[in-house]
Amino acid sequence: CIPPIPSVSSMSLSIFKPSNGGSIMSDREIRVDGFCDPRFSSVKDEFYENFVSRNEIGSAVCIYEGGSKVVDLWGGYRDVDGTQPWTEDTITLMSSIAKSMSALCVHVLVDREMVSLDSPVADYWSEFRQAGKENITIRQTISHQCGVIFCDNAKEGDFFRYPAQINAIELQEPAWEPGTRAGYNSINFGFIHCEIVRRVTGRTVDQFIREEITEPLGAEYNIRLNGRELALVAPMHRNPENKFWEMAEKEGSNLNRSWKSRPKNIDLTNAHENRVGLNPSSGGHGNARGIARVYAMLANNGELDGIRILKPETVEALSTVQWEGICAMTDRPRRFGLGFLHNSPPMLPMGANMKAFGHAGSGGAYTFCDRENNRAFGYCTNIQPEGNPPGDRCRSLVIAAFGSIEDWEIPKES
């Protein structure tokens, strides 16, 4: 029996105002609830403005500083018709943020000396050594440098058949000599690291996340939802201006090839299988408060409110950039770390510190931490971003909280 996620006490801010002009929310009241430290009042203003002029439907934002929560706002609606308010405990799909959570499970095993980043994956998962993958290390898989980015032997729907997806990965040849390039591993990333965790511990990452990370921290984020959590889910709404999904659905693209195992002709973001099945690459659900709390633990060197998840030296090691350049999957500039995407303004802005790291989700969810300033940021929404994630609505909140694009372009990592 899985204990329910701890509830969060009600906050002090409540705003009711009619919106105006041209947005999805223009014909109904906008409600924003929660708490905001006066020092971050511009975040509250931008959060409200997202509903007024940027087509937000429902969303939440949370910021930690110095291990304490300084912003915790939620507002809007779960549905386009505005009949179901987004509440304090609403959760939604956070898509590829699941990759960073799958990676975090591996780092917990590294912290406990149960695996080594520089050991071959095949040391823990013998069937992985097929098709030229015998020397691929965990460091290469977790930093998107392994080249195992396609699953050409998968069949349609194997995405929701975990053993079949794992078998397709076992048979897959690397797309390049491992370690010579980096490319965002859109589908296989979570499955590879889930299988490592399963081989070493006997638990899949959904179990490991609950038992070792989110339940100890009291954080609202999980893969494979239980009945109580299913009732809290706000469905995702498609955005015709979303470029990530446009690339993924384009025949012949790298993303399309990497998604071969996905089921066709269903709404993948709202599929019941995605909510209750084992999708360790993009199937995690949570809210801004929950994911910000996990990243606040990282910002605070592995501990939050007396709960230690990682040793400080493990957090220091996992926070380092491993590769930067043009991503072989998306042809866009990227900075890859050990399971995390690193600050890449203006595309992936994380404030003025170039050592900040986190992850984005194709649906618009976004999270990162800045260890030097002990800050963590979490955002989630139920309408996909325009352009590429995290989108203008999220960027406006990051700018309000941590500075302008001009600020981001000046600092360089030492």
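In case you missed it, the structure is sitting above this.
Within each chain, residues carry numbers counting from 1 in the order of the written sequence. Only residues with pLDDT of at least 70 are given local features in this predicted model, and only at 80 or more are side-chain atom pairs given and counted; all residues enter the totals for whole chains, interfaces and linings. Side-chain numbers here rest on the full set of heavy atoms in the structure, without hydrogens or water.

**Looking at the pairing of strand S15 (residues 375-381)**
Move 1: For every residue, the accessible area obtained with a 1.4 Å probe (protein chains only) is divided by the maximum for its type, and the residue is called buried under 20%, exposed over 50%, and partly exposed between those limits. Each helix is a run of H or I in the DSSP string that is no shorter than four residues. Each strand is a run of E no shorter than two, and both are numbered from the N terminus. Most of S15 is tucked away, with six of its seven residues classed as buried.
Move 2: Between any two strands, pairing holds if DSSP finds at least two bridges. Alignment of strand S3 (residues 58-65) against S15, held across seven bridges, turns out to be antiparallel. Bridge pairing in S15 links Cys62 to Gly378.
Move 3: Across five bridges, the pairing between strand S14 (residues 366-370) and S15 is antiparallel. What sits directly across from Cys369, in S15, is Ala376.

**Re unusual backbone geometry**
Most peptide bonds adopt trans geometry, and most residues besides glycine take a negative phi value.
Move 1: Geometrically, the link from Pro345 to Pro346 is a cis peptide bond, its omega value of 0 degrees lying close to zero.
Move 2: One can find Pro346 in the loop between strand S12 (341-342) and strand S13 (357-360).
Move 3: The omega angle of the peptide bond from Pro389 to Pro390 is 10 degrees, so this bond is cis rather than trans.
Move 4: Although it is not a glycine, Ser95 sits at a positive phi angle of roughly 50 degrees.
Move 5: By the element assignment, Ser95 lies in the loop between strand S5 (92-93) and helix H2 (97-111).
Move 6: Even without glycine at this site, Asp331 takes up a positive phi of about 60 degrees.
Move 7: Within the secondary structure, Asp331 is located in the loop between strand S10 (323-326) and strand S11 (333-336).
Move 8: Here Asp331 falls in the exposed class, since its relative accessible area comes to 58%.

**So, the pairing of S14**
Move 1: When you tally the buried positions in S14, you get five out of five residues, the bulk of the element.
Move 2: Here S14 shows a buried face lined by Tyr366, Phe368 and Asp370 and a second buried face lined by Thr367 and Cys369.
Move 3: Where S13 folds back on S14, the antiparallel hairpin that results is connected by five residues, among which Gly364 adopts a positive phi of roughly 115 degrees.
Move 4: The turn joining S14 and S15, which pair antiparallel and follow one another in sequence, is formed by four residues; a positive phi near 50 degrees is taken by Asn374.

**As for the pattern of salt bridges**
Pairing is possible between side chains that carry opposite charge, provided their charged atoms lie close to one another.
Move 1: By definition, a salt bridge exists where a carboxyl oxygen of Asp or Glu is found within 4 Å of a side-chain nitrogen of Lys or Arg. Scanning all chains against the criterion turns up 28 salt bridges.
Move 2: For Glu46, the salt bridge is made with Arg54, and the minimal N-O distance between the two is 2.9 Å.
Move 3: Residue classification places Glu46 among the partly exposed residues on the basis of a relative accessible area of 24%.
Move 4: Using a relative accessible area of 25% as the deciding quantity, one classes Arg54 as partly exposed.
Move 5: A salt bridge links Glu56 to Arg393, with the nearest nitrogen and oxygen atoms 2.7 Å apart. Of the two residues, Glu56 is situated in the loop between helix H1 (41-53) and S3 and Arg393 in helix H13 (residues 392-402); the sequence distance between them amounts to 337 residues.

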